[in-house]
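# Breakdown of the fold
Spelled out, the chains give:
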Amino acid sequence: MATSVASKRLFHEYRTLTTDPPDGITAGPLSEDDLFTWEALISGPADTPFEGGIFPATLVFPKDYPLAPPTMRFTCDIWHPNVYPNGAVCISILHPPGDDPMMYEKASERWSPIQSVEKILISVMSMLAEPNDESPANVDAARMWRERRDEYERIVRDGVRKGLGL
Amino acid sequence: MSNGEIPATTLNIPQLLLVLVLGFLAVRWYLSGPPSSASSSRSSSRTPRIDYARVDQVAQMFPQADRRAIIWDMQRNGGNVAATTERILSRGLDVPPPSFQPPLPPQATPSGGAGARANAKTPAHPDLITRYNLSSKITPTGSSPLVDSGSDTSTPASTPSKPSWSTNKTERALQLQRRREEMILEARRKLEEKERAKTAVDKGKGKA
């Protein structure tokens, strides 16, 4: 029962994202036979070192979506304070409410069923532009972002070129 | 006379039957004993059984994850695909101890090449061109975007700019694939142009 609710909702979101796609985002299930695994392409926001890049990510939805948030993981090399070295994305919208003992994040920023895949992807896009320094997932990247911005931007730009096979 | 009958009655027919039945059961027990004990010891061998179908399932979802790490994780959580998936996504798998050498499944031999390559520290993520097999669709540098969009319409009746929702499942999958490819190729083209412009500027600076 819960699974069919989740499937319906995901199918609906897929449809919305196809007919009215936000700028710089392409997302959909890997196969419609399994609506719980999606692949998304996010383009790097303008006026950032990520500009021009395309960043692929996998989203895996729980069976009780939209009650619980999906997990998202970049499937490319990405150098960012809020992305774990294994690609997992650490962002408040992907955290269920009541899960943050440190209370870094406001409840309104966290996951709730009124959020959507589109909102997640847009949030991730703005996260690329503005890293959140408070709880870094990649400590080395965070330190470099703070202390050696030039080097950070150079690594990011290199990643953009490599990702596009240049 | 009566004395002579006593030895005969010490072994009467019911007793004889009882001995036969007990003997039969003893033989049965002896014969069936060894195989059953062997099978039970096999199933309760110390290393838990690994379901390679499940390992494959996870490995296909996350080609970059180390197979040994997947087996290690699944062995510890009792073969739970969802839990392993969750762990890969949330914080990555633990590195198994070097002593952990899972037996390789027999059906993995055809894909042994891929497994060996994954182990051999190649870059974890191929670029998007390789990944989506787009090398044939890259237009040579210097071609105008007009020509490119013309060659893009290899599939007829596609209006790239106008998103539509097909009622056909396979058509939808194709549309999504096409949008993905367009996005990647477009980004690559723009970046190439930008770099060409930049090198031109640099050259100009050099001359000046």
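Every chain is numbered on its own, with residues counted from 1 as its sequence reads. Here chains are named by letter from A upward and ligands by number from 1 upward, in the order in which they appear as written. pLDDT decides what is reported in this predicted model: residues at 70 or higher carry local features, side-chain atom pairs at 80 or more are listed and counted, and totals for whole chains, interfaces and linings draw on all residues regardless. The side-chain numbers reported here are obtained from all heavy atoms of the structure, hydrogens and water having been left aside.

## Considerations on the overall build of chain B
The helix count covers DSSP runs of H or I at least four residues long, the strand count covers runs of E at least two residues long, and both are numbered beginning at the N terminus. A count of helices and strands for chain B gives 9 helices and 0 strands. Seen in sequence order, chain B has helices and strands lined up from the N terminus as α-α-α-α-α-α-α-α-α. The contact rule is simple, with two residues in contact once any of their heavy atoms fall within 4.5 Å. A sequence separation of at least 24 residues applies to 54% of the contacts in chain B between residues at least 6 apart. Approximately 14,900 Å² of chain B is accessible, and the part contributed by carbon and sulfur atoms is 61%. Areas reported as accessible are Shrake-Rupley estimates using a 1.4 Å probe. Residue values count occlusion only from the protein chains shown.

## A few points about the sheet that holds strand S1 (residues 25-31) of chain A
The strands that make up a sheet are held in pairs by hydrogen bonds between backbone atoms, and each pair lies either parallel or antiparallel. All names here are of chain A. The strand order S1-S2-S3-S4 describes an open sheet built from 4 strands, whose pairing is antiparallel. The open sheet terminates on both sides in strands that have one partner only, identified here as S1 and strand S4 (71-74). Neighbour to neighbour, the strand axes of the sheet diverge by 25° on average, direction disregarded. Note: strand S2 (residues 34-43) against strand S3 (residues 54-60), 7 bridges, orientation antiparallel. Bridge pairing in S3 places Ala-40 opposite Ala-57. Strands are labelled as partners when DSSP assigns at least two bridges between them. Orientation is described by lines fitted to C-alpha atoms, with helices fitted over the stretch in contact, and by angles between N-to-C directions that extend from 0 to 180 degrees.

## Quick notes on the interface of chain B and chain A
Taken together, the contacts link 30 residues of chain B with 38 residues of chain A. Carbon and sulfur atoms make up 59% of the area that chain B and chain A hide from each other, which totals about 3,200 Å². Here, a salt bridge means any Lys or Arg side-chain nitrogen found within 4 Å of an Asp or Glu carboxyl oxygen. Viewed at the interface, chain A and chain B are joined by 5 salt bridges. In this structure, Arg-161 of chain A engages Glu-195 of chain B in a salt bridge whose closest nitrogen and oxygen atoms are separated by 2.4 Å. Contacts described as polar in this section are N or O atom pairs within 3.5 Å, which, within protein, must combine one atom able to donate a hydrogen with one able to accept it, while residues neighboring in sequence count only if both atoms come from side chains. Along the contact surface separating chain B from chain A lie 11 residue pairs in polar contact (both at pLDDT 80 or more). Listed by contribution, the elements that provide at least two residues to the side of chain B that touches chain A are helix H5 (81-90), helix H7 (128-131) and helix H9 (169-207) of chain B. Ranked by residues supplied to the side of chain B that touches chain A, first place goes to H9 of chain B with 13 residues. A 1.4 Å probe defines the accessible area here, and the buried area is the portion of it lost by two parts on being joined, summed over both.

## Some points on the pairing of S4 of chain A
Residue and element names in this part refer to chain A. Side-chain alternation along S4 places Thr-71 and Arg-73 on one buried face and Met-72 and Phe-74 on a second face that is also buried. Where S3 meets S4, 4 bridges bridge the pair, whose relative direction is antiparallel. Residue Leu-59 lies in a different strand from S4, and its bridge partner there is Met-72. Here the term buried applies to any residue with accessible area under 20% of the maximum for its type, exposed to any over 50%, and partly exposed to those in between, with areas from a 1.4 Å probe on protein chains only.

## As for the side chain of Arg-189 of chain B
Counting through the fold element by element, Arg-189 of chain B comes out in helix H9. Within the structure, the side chain of Arg-189 of chain B is placed 3.1 Å from the side chain of Glu-186 of chain B, a separation counted as a polar contact.

## Quick word on a nonpolar patch on the surface
Residue and element names in this part refer to chain B. Taken together, the side chains of Leu-18, Val-21, Leu-22, Phe-24 and Leu-25 make up a nonpolar region of the molecular surface, amounting to roughly 520 Å² of accessible area. Tracing the backbone through its elements, the reader meets Val-21 in helix H2 (residues 13-43). Taking relative accessible area as the criterion, Val-21 reaches 47% and is therefore assigned partly exposed. Each patch is built from salt-bridge-free residues with over 30% relative accessible area, joining like charges within 9 Å and nonpolar side chains (Val, Leu, Ile, Met, Phe, Trp, Tyr) within 5 Å.

## Some points on the packing of aromatic side chains
Here the aromatic set is Phe, Tyr and Trp, taking the six-membered ring for Trp, and pairing holds for ring centres within 6.5 Å; pairs whose planes are under 30 degrees apart are stacked, those over 60 apart are edge-to-face, and all others are tilted. Within the structure shown, the criterion is met by 7 aromatic pairs over all chains. Centroid distance Trp-38 of chain A to Phe-61 of chain A: 5.5 Å. Interplanar angle 65°. Geometry classified as edge-to-face. With Trp-38 of chain A in strand S2 and Phe-61 of chain A in the loop between S3 and S4, this residue pair connects regions lying 23 residues apart in the sequence. Among the aromatic side chains, those forming a connected cluster through ring pairs are Phe-11, Tyr-14, Trp-38, Phe-61, Tyr-65 and Trp-111 of chain A together with Trp-165 of chain B.

## Describing the UniProt feature "active site" (unreviewed entry) in chain A
Residues and elements named next belong to chain A. Per the UniProt record, the feature "active site" (unreviewed entry) sits at Cys-90. Along the chain, Cys-90 falls in the loop between S4 and helix H2 (117-129). For Cys-90, a relative accessible area of 16% corresponds to the buried category. In this structure, Cys-90 is in contact with Asn-82, Tyr-84, His-95, Met-127 and Ala-137, ignoring residues within four places of it in sequence. UniProt positions are given in the numbering used here, feature names are shortened, and annotations may be inferred rather than shown by experiment.

## Here we look at the pattern of salt bridges
As enumerated under the stated definition, the model contains 17 salt bridges over all chains in all. Here Arg-172 of chain B ties to Glu-32 of chain A by a salt bridge, and the two come within 2.7 Å at their closest N and O atoms. Here Arg-172 of chain B is found in helix H9, whereas its partner Glu-32 of chain A is found in the loop between S1 and S2 on a different chain. The exposure class of Glu-32 of chain A is buried, given its relative accessible area of 17%. Taken together, the shared-partner salt bridges in this structure form one network comprising Asp-73, Arg-76, Arg-87 and Asp-94 of chain B.

## Quick look at H5 of chain B
For H5 of chain B, every residue scored as buried is listed here: Val-81, Thr-84, Thr-85, Ile-88 and Leu-89 of chain B. Projected onto a plane normal to the axis of H5 of chain B, the buried residues spread over an arc of 130° and lie on a single side. On the buried face of H5 of chain B, the contacting elements are S3 and S4 of chain A together with helix H3 (52-61) and helix H4 (67-76) of chain B. The N-cap residue of H5 of chain B is Asn-80 of chain B: its side-chain oxygen and the backbone nitrogen of Ala-82 of chain B are 3.0 Å apart. Directions from the helix axis toward the C-beta atoms define the arc.

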